[in-house]
Amino acid sequence: MATETATPGVRKPLLSRNLTQLMLAILIGVLSGYGAILFKFLLKSMQWLFYQHGEDFLAYASEIPLWAKISMPAAGGLVVGLVVHFFASEAKGHGVPEVMQAIALRDGLIRKRVAAAKIFASAVTIGSGGSVGREGPMVQIGASIGSSIGQVFKVPGKHMRTMIGCGAAAGIAATFNAPIAGVLFALEIIIGDWGMTSFSPVVLSSVTATAISRYYFGDFPAFVIPDYAVVSPWEYLMYPALGIASGLVALSFTRILYAFEDGFEAARFMPEWIKPAIGGAMLGCVVIFYPEAFGVGYGAMNLSLTNKMGFAVLFTLIWVKILASSLTLGSGGSGGIFAPSLFIGAMTGGAFGCLMNMAFPGITASPGAYALVGMGGVVAGTTYAPITAILIIFEMTGTYSIILPLMLTCITAVVLNSTISEASIYTIKLLRRGIDITGGRERNVLQRVLVKEYMSDAVVTVPEGASLESIIWTFKTENAPYLHVVNGQGVLSGIISFRDIRPVLQEEGLMQLLIAKDIATQNPATVQTEDTLQTALDIITNKGVSQLPVVSADGTLIGSLTESTINAAYGQELVRKELAEET
């Protein structure tokens, strides 16, 4: 009897927490759904403001004068540069890595202003002609809404990831009219957790946002899809080859994009806020010759899917779109990489289909069919999320017959690219910032802690001119594993361990002849006070040492940090994090 009364008492708080999470998930879905509506309305308004047209750019490209094709993207870039520089730096770029970073390093805390800044900056970028997509902004907007709701309702830290996942799923679902893909995107890329605790709220939020989006925009597929069928069983041998082609193109897109980003970062002679305007002007020059590269590019994708482009055009547009998107995002514009990946995939698949039609005319489907499958292949090859890629193409087209070819192509692309490079287009940006989420999110605990918080200022030093006899005496009296050699200004010039002096202990007459500067290991690895403990641990692991000197910017020795101290700090920070999550 006692057991029966205890069980409900234990389950009631858990039931209450789960019910609260589900209610918050619905709220996040509602706000994200209306956020998507606001974003689409603002995007159309910006396109009208810049060009006095609201339809696809290909329909009116010939009416726009050359000066406007250059000046409008440049003006949009200038506005975005000012917003990013003075209001919210998180609005720069494609958004998803910023969400992943917030989860990894800040317990899911995203500034409340980010949603408004991202809506405006991305609408201006795309409306003025920026060659980016809508999904990255909506992921970040939805994630920001989820984080803000979590902060307002004081959601425990361990559940903030779920709140952000709800917003991300809702953003994708409302943007592409794809609720299942929204759920899979959030679980596969953002949260990295398939447990029921995360799954149920994310599903509820995604469905809510989709229902709102469909109420206002209807339930229509995003693309015009011709009748699709596998003409011959021999075609199944061609889709892995399309997967290889899609993977290599996706890998090229990733590397070219970050090469442009590095190029603009290296241009330190110009202020940061002007760079998106420069990128916009350069994009305008591309659009003059290739209007298909303008904006999201759904019009050109539909042309490829309906077999209205030849091989030369399709193949050329692969690289034109890569160039256009790299200019927009590399210079600091705001938008997503999902739609550019779809565009590049459509052109890749279409070009591949043209070649297959010429080589095997009797046993292959139309190039448009391969364009459809290629869209999923490049998305999978850039994001390393094959399940999301398969389902989003299926939901955006409503065509079940493409599932098997999609599976073959997407899995091949992911296996190939993950063998060549471990990082996706999202995680490579985090790795460039020193954030590694591939080995587990707990690794990033040490990314939040600085060396100065755990270093010891009790270091044993000897001057450069100290004799060998004096060094041995110091080892005996100080019981120190290392001696730090400093010059007259206190600048570290070397480090001495006992193994450094062992070879000369048996040599007679060297006690007064050898000095510290002669024996010391020169240019030892060091860290500074503002480095993270993860940086220090990586250096210790790579160098095979047990401690690191801590120096100031001018090389002055100010302390030391041992491996055992880092391990102890890791344990303390984990306990502190768990206690914080329970409050």
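Residues numbered from 1 in each chain as written. Predicted model: local features only at pLDDT ≥ 70, side-chain atom pairs only at ≥ 80, totals over all residues. Heavy atoms only, no water.

1. Quick notes on the overall build of the protein
Piece 1. Tallying secondary structure elements over the protein gives 22 helices and six strands in all.
Piece 2. Within the span of the protein, comprising 583 residues, buried residues form 55% of the whole.
Piece 3. A total accessible area of about 24,800 Å² is found for the protein, and carbon and sulfur atoms account for 63% of it. (Helix = DSSP H or I, 4+ residues; strand = E, 2+ residues; numbered from the N terminus. Buried < 20%, exposed > 50% of the residue type's maximum accessible area, 1.4 Å probe, protein only. Areas by Shrake-Rupley, 256 points an atom, 1.4 Å probe, with all protein chains shown as cover.)

2. Observations regarding the sheet that holds strand 1 (residues 461-463)
Piece 1. Taking strand neighbours across the sheet as the criterion, the four strands line up as 1-2-3-4 in an open arrangement whose pairing is mixed. Looking at which strands have only one partner, the edges of the open sheet turn out to be strand 1 and strand 4 (521-522).
Piece 2. Inspection of the sheet shows strand 3 (residues 492-497) paired to strand 4 by two bridges, in the antiparallel sense. By the bridge assignment, Ile 495 is partnered in strand 4 with Thr 521. (Pairing = 2+ DSSP bridges.)

3. Brief notes about helix 14 (residues 367-383)
Piece 1. An ideal rise of 1.5 Å per residue puts 24 Å on 17 residues; helix 14 measures up with 24 Å between its terminal C-alpha atoms.
Piece 2. Counting buried positions along helix 14 gives 17 out of 17 residues, so the element sits mostly inside the fold.
Piece 3. Directly beyond the C-terminal end of helix 14, a positive phi value near 60° is found at Tyr 384. (Expected span 1.5 Å × (residues − 1).)

4. Let's talk about the packing of aromatic side chains
Piece 1. Tallying each qualifying case throughout the model produces 15 aromatic pairs.
Piece 2. A ring pair is formed by Tyr 239 and Tyr 370, whose centres lie 5.2 Å apart and whose planes are at 20°; its orientation type is stacked. Placement of Tyr 239 in helix 9 (residues 238-266) and of Tyr 370 in helix 14 is noted, with a sequence separation of 131 residues between them. Comparing Tyr 239 with Tyr 370 shows no difference in burial state: the two are buried.
Piece 3. Between Phe 315 and Trp 319 the ring centres are 6.3 Å apart and the planes differ by 70°, which places this aromatic pair in the edge-to-face class. With a gap of four residues between them, Phe 315 and Trp 319 both fall in helix 12 (residues 311-330), about one helical turn apart.
Piece 4. Among the aromatic residues, those joined into a cluster by ring pairs are Phe 50, Tyr 51, Phe 57, Tyr 60 and Phe 294.
Piece 5. Over the ring of Phe 217 we find Lys 40, and its NZ or CZ is 4.5 Å from the ring centre.
Piece 6. Directly above the ring of Phe 343 sits Lys 321, whose terminal nitrogen or CZ lies 4.7 Å from the centroid. (Phe/Tyr/Trp six-rings, centres within 6.5 Å; stacked < 30°, edge-to-face > 60°. Lys NZ or Arg CZ within 6 Å of the ring centre and 35° of its normal.)

5. Details of unusual backbone geometry
Piece 1. Phi is positive for Asn 177, close to 55°, though the residue is something other than glycine.
Piece 2. Mapped onto the elements, Asn 177 comes out in the loop between helix 6 (157-176) and helix 7 (179-191).
Piece 3. Backbone geometry places Asn 307, a non-glycine residue, at a positive phi of 60°.

6. What to know about the side chain of Lys 429
Piece 1. Summarising the element assignment, Lys 429 is placed in helix 17 (residues 427-432).
Piece 2. When its relative accessible area of 7% is taken as the criterion, Lys 429 is described as buried.
Piece 3. Among residues more than four places away in sequence, those in contact with Lys 429 are Gly 93, His 94, Pro 97, Glu 98, Tyr 258 and Glu 261. (Contact = heavy atoms within 4.5 Å.)

7. Some details on the confidence of the model for the protein
Piece 1. Overall, the predicted model of the protein reaches an average pLDDT of 84, with 88% of residues at or above 70.
Piece 2. Mean pLDDT across the elements of the protein bottoms out in helix 22 (residues 563-582) (69) and peaks in helix 12 (95). (pLDDT = per-residue confidence, 0-100.)

8. Things to note about the nonpolar core
Piece 1. Formed by 131 residues in total, the largest nonpolar core has its most connected members in Phe 176, Phe 185, Ile 190, Leu 342 and Tyr 426.
Piece 2. Ignoring sequence-local partners within four residues, the contact set of Tyr 426 consists of His 94, Val 96, Pro 97, Met 100, Phe 185, Ile 189, Ile 337, Phe 338 and Thr 383.
Piece 3. Core analysis: the next-biggest nonpolar cluster, separate from the first, contains 16 residues, Ile 472, Phe 475, Ala 480 and Leu 514 among them. (Core = buried A, V, L, I, M, F, W, Y, C linked by side-chain atoms within 4.5 Å.)

9. Here we look at helix 15 (residues 386-397)
One full turn of an α-helix is made of 3.6 residues, so residues set three or four places apart face in the same direction.
Piece 1. Compared with the 16 Å implied by 1.5 Å per residue over 12 residues, the 17 Å span of helix 15 between its first and last C-alpha is a close match.
Piece 2. Listed in full, the buried residues belonging to helix 15 are Pro 386, Thr 388, Ala 389, Ile 390, Leu 391, Ile 392, Ile 393, Glu 395, Met 396 and Thr 397.
Piece 3. Taken from the residues just after helix 15, Gly 398 is the one with a positive phi, measuring 70°.

10. Topic: empty space enclosed by the protein
Piece 1. Within the structure shown, the criterion is met by three cavities of 30 Å³ or more.
Piece 2. Estimates place the volume of the largest cavity at around 90 Å³.
Piece 3. Lining the largest cavity are 15 residues, with Pro 73, Thr 125, Pro 276, Gly 280 and Thr 328 positioned closest to its centre.
Piece 4. The set of elements that each furnish at least two residues to the lining of the largest cavity consists of helix 2 (66-86) and helix 10 (275-289). (1 Å grid on protein atoms, 1.4 Å probe; cavity = no way out; pocket = protein on both sides within 12 Å on 5 of 7 lines; lining within 4 Å. Points joined across faces, edges and corners; volume = space filled by probe spheres on them.)

11. Details of the pairing of strand 3
Remark: a regular strand shows side chains that alternate across the two faces of the sheet.
Piece 1. Burial within strand 3 is extensive, with six of its six residues counted as buried.
Piece 2. Across five bridges, strand 2 (residues 482-486) lies against strand 3 in antiparallel orientation. Each residue of the ladder has a partner; that of His 484, found in strand 3, is Ile 495.
Piece 3. Two successive antiparallel strands, strand 2 and strand 3, enclose a turn made up of five residues, where Gly 490 displays a positive phi of approximately 80°.

12. Things to note about the side chain of Asn 177
Piece 1. In this structure Asn 177 comes out as buried when scored by relative accessible area, which is 11%.
Piece 2. Within polar-contact distance, the side chain of Asn 177 engages the side chain of Arg 214 at 2.5 Å. (Polar contact = N/O pair within 3.5 Å; in protein donor to acceptor, adjacent residues only side chain to side chain.)

13. A word on the packing of helix 14 against helix 16 (residues 403-420)
Piece 1. For the pair helix 14 and helix 16, the least separation of the axes is 8 Å and the interaxial angle reads 30°. By the angle class used here, helix 14 and helix 16 are roughly parallel. Crossing of helix 14 against helix 16: the hand is right-handed. Within the contact between the two elements, helix 14 uses Val 373, Gly 376, Gly 377, Ala 380 and Gly 381 and helix 16 uses Pro 405, Leu 406, Thr 409, Cys 410, Ala 413, Val 414 and Asn 417.
Piece 2. The residue makeup of the contact of helix 14 with helix 16, split by class, is seven nonpolar, five polar and no charged. (Axes fitted to C-alpha atoms, helices over the stretch in contact; angles between N-to-C directions. Parallel < 35°, antiparallel > 145°, perpendicular 65-115°, else oblique. Left-handed = near helix turned anticlockwise from the far one by under 90°. Nonpolar A, V, L, I, M, F, W, Y, C, P; charged D, E, K, R; others polar.)

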